[in-house]
Amino acid sequence: MKALRWLTLWFALLGAVVALGVGFMTTVSVIGRAFFKMPIPGDVELTQMGIAIAISLGLPWCQMHGSNIIVDFFTQRMRERQLRVLDAAGAAFLVAMYSVLAWRTGAGAIAVREAQETTMILSLPMWWAYAWLAPGLALAGVLAAVQVWLHLTDQPLARMHGDAQ
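Worth saying up front: this structure is predicted, and the values here are computed from it rather than measured. (Residues numbered from 1 in each chain as written. Predicted model: local features only at pLDDT ≥ 70, side-chain atom pairs only at ≥ 80, totals over all residues. Heavy atoms only, no water.)

**Quick notes on the overall build of the chain**
(1) Moving on: If you tally the helices and strands in the chain, you get four helices and zero strands.
(2) Moving on: Each helix (α) and strand (β) of the chain, taken in turn from the N terminus, gives the series α-α-α-α.
(3) Moving on: On C-alpha atoms alone, the chain measures out to a radius of gyration of 19 Å, which is more than a quarter above the 15 Å that the 2.2 N^0.38 rule sets for 165 residues.
(4) Moving on: Seen through its C-alpha atoms, the chain measures out along the principal axes to roughly 60 × 40 × 35 Å.
(5) Moving on: Sequence-distant contacts in the chain: of pairs separated by 6 or more residues, those separated by 24 or more amount to 72%.
(6) Moving on: Accessible surface computed for the chain: about 10,500 Å², of which carbon and sulfur atoms make up 70%.
(7) Moving on: Looking at charge distribution, the chain has the averaged site of its 11 positive side-chain charges lying 5 Å from that of its 9 negative ones. (Helix = DSSP H or I, 4+ residues; strand = E, 2+ residues; numbered from the N terminus. Rg over C-alpha atoms; globule rule 2.2 N^0.38 Å. Contact = heavy atoms within 4.5 Å. Areas by Shrake-Rupley, 256 points an atom, 1.4 Å probe, with all protein chains shown as cover. Lys, Arg positive; Asp, Glu negative; His and termini not counted. Charge placed at Lys NZ, Arg CZ, Asp CG, Glu CD.)

Below is the structure:
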């Protein structure tokens, strides 16, 4: 568990650095556009790629901490065991979703690399962005699988982030 927590933290920190970099670049570009009529070339494509990467790298942190939207209107009166089974099923669906997304994103990276696709303005290889998305999605899937196991074995989810042993 400790290795997963460490890896998830570093993914989130890297995602935060990417998002901050995009924010800084956007600020500089807007100021350049407003005052000097010189925006940063390719700022929109860099923003699109950067934010997608930042989100992908942040997904494992959100998954580990259970930061998904939960609508408990229908489950408020259910017993703890029933809730755990439902939560395990939800986490299993997330395992499937993250697995398919990581697989197809990785396959997309290979296909885009073989096609030698580049961005329109900066001519950056498009496969770079795809390749950066897959690890975050895969790690989120691993964390969801751990959550399935924790739910089904009646262990506290707090174990994932070190609050309970």
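Alright, that's what it looks like, and here's the rest.
**Some words on the packing of helix α1 (residues 2-36) against helix α4 (residues 127-152)**
(1) Moving on: Contact geometry for α1 and α4: axes closest at 11 Å, N-to-C directions at 145 degrees. Read as a crossing pair, α1 and α4 show a hand that is left-handed. Across the interface between the two elements, Leu-4, Leu-7, Thr-8, Phe-11 and Leu-14 of α1 pack against Trp-132, Pro-135, Gly-136, Leu-139, Val-142, Leu-143 and Val-146 of α4.
(2) Moving on: Among the residues forming the contact of α1 with α4, the class breakdown is ten nonpolar, two polar and no charged. (Axes fitted to C-alpha atoms, helices over the stretch in contact; angles between N-to-C directions. Left-handed = near helix turned anticlockwise from the far one by under 90°. Nonpolar A, V, L, I, M, F, W, Y, C, P; charged D, E, K, R; others polar.)

**Some points on the packing of aromatic side chains**
(1) Moving on: In the structure shown here, the tally under the stated rule is two aromatic pairs.
(2) Moving on: When the ring of Trp-6 is compared with that of Trp-10, the centres are 6.1 Å apart and the planes differ by 55 degrees; the resulting orientation is tilted. You can see Trp-6 and its partner Trp-10 sitting in helix α1, four residues apart, about one turn around the helix.
(3) Moving on: Overall, the relative accessible area of 53% leaves Trp-6 in the exposed class.
(4) Moving on: With relative accessibility at 46%, the residue Trp-10 sits in the partly exposed group.
(5) Moving on: Looking at Arg-104, its charged tip hangs above the ring of Trp-103, at a distance of 4.8 Å from the centre. (Phe/Tyr/Trp six-rings, centres within 6.5 Å; stacked < 30°, edge-to-face > 60°. Buried < 20%, exposed > 50% of the residue type's maximum accessible area, 1.4 Å probe, protein only. Lys NZ or Arg CZ within 6 Å of the ring centre and 35° of its normal.)

**Examining the nonpolar core**
(1) Moving on: Core analysis: the largest hydrophobic core is formed by eleven residues, namely Leu-4, Phe-11, Ile-53, Leu-57, Met-64, Leu-133, Leu-139, Leu-143, Val-146, Leu-150 and Met-160.
(2) Moving on: Tallying contributions element by element places α4 first for this core, with five residues.
(3) Moving on: Formed by five residues, the second largest nonpolar core is a distinct cluster that contains Tyr-98, Ala-102, Leu-137 and Ala-140. (Core = buried A, V, L, I, M, F, W, Y, C linked by side-chain atoms within 4.5 Å.)

**A look at a nonpolar patch on the surface**
(1) Moving on: Taken together, Trp-6, Leu-7, Leu-9, Trp-10, Leu-13 and Trp-61 make up a surface patch of nonpolar side chains, about 580 Å² in accessible area.
(2) Moving on: With five residues, α1 is the largest single contributor of residues to the nonpolar patch. (Patch = residues over 30% accessible without salt bridge, like charges linked within 9 Å, V, L, I, M, F, W, Y side chains within 5 Å. Salt bridge = Lys/Arg side-chain N within 4 Å of Asp/Glu carboxyl O.)

**Re the pattern of salt bridges**
(1) Moving on: Per the stated rule, a full pass over the model turns up four salt bridges.
(2) Moving on: Residue Arg-81 is joined to Asp-154 by a salt bridge in which the shortest nitrogen-to-oxygen separation is 2.9 Å. Placement of the pair is Arg-81 in helix α3 (residues 80-115) and Asp-154 in the segment after α4, with a sequence separation of 73 residues.
(3) Moving on: We classify Arg-81 as partly exposed; its relative accessible area is 40%.
(4) Moving on: Note on Asp-154: relative accessible area 45%, which makes it partly exposed.
(5) Moving on: Its salt-bridge partner being Arg-84, residue Asp-154 comes within 3.6 Å of it at the nearest N-O pair. Taken as a pair, Asp-154 in the segment after α4 and Arg-84 in helix α3 lie far apart in primary sequence, 70 residues in all.
(6) Moving on: Overall, the relative accessible area of 11% leaves Arg-84 in the buried class.
(7) Moving on: One salt-bridge network, held together by shared partners, links Glu-80, Arg-81, Arg-84 and Asp-154.

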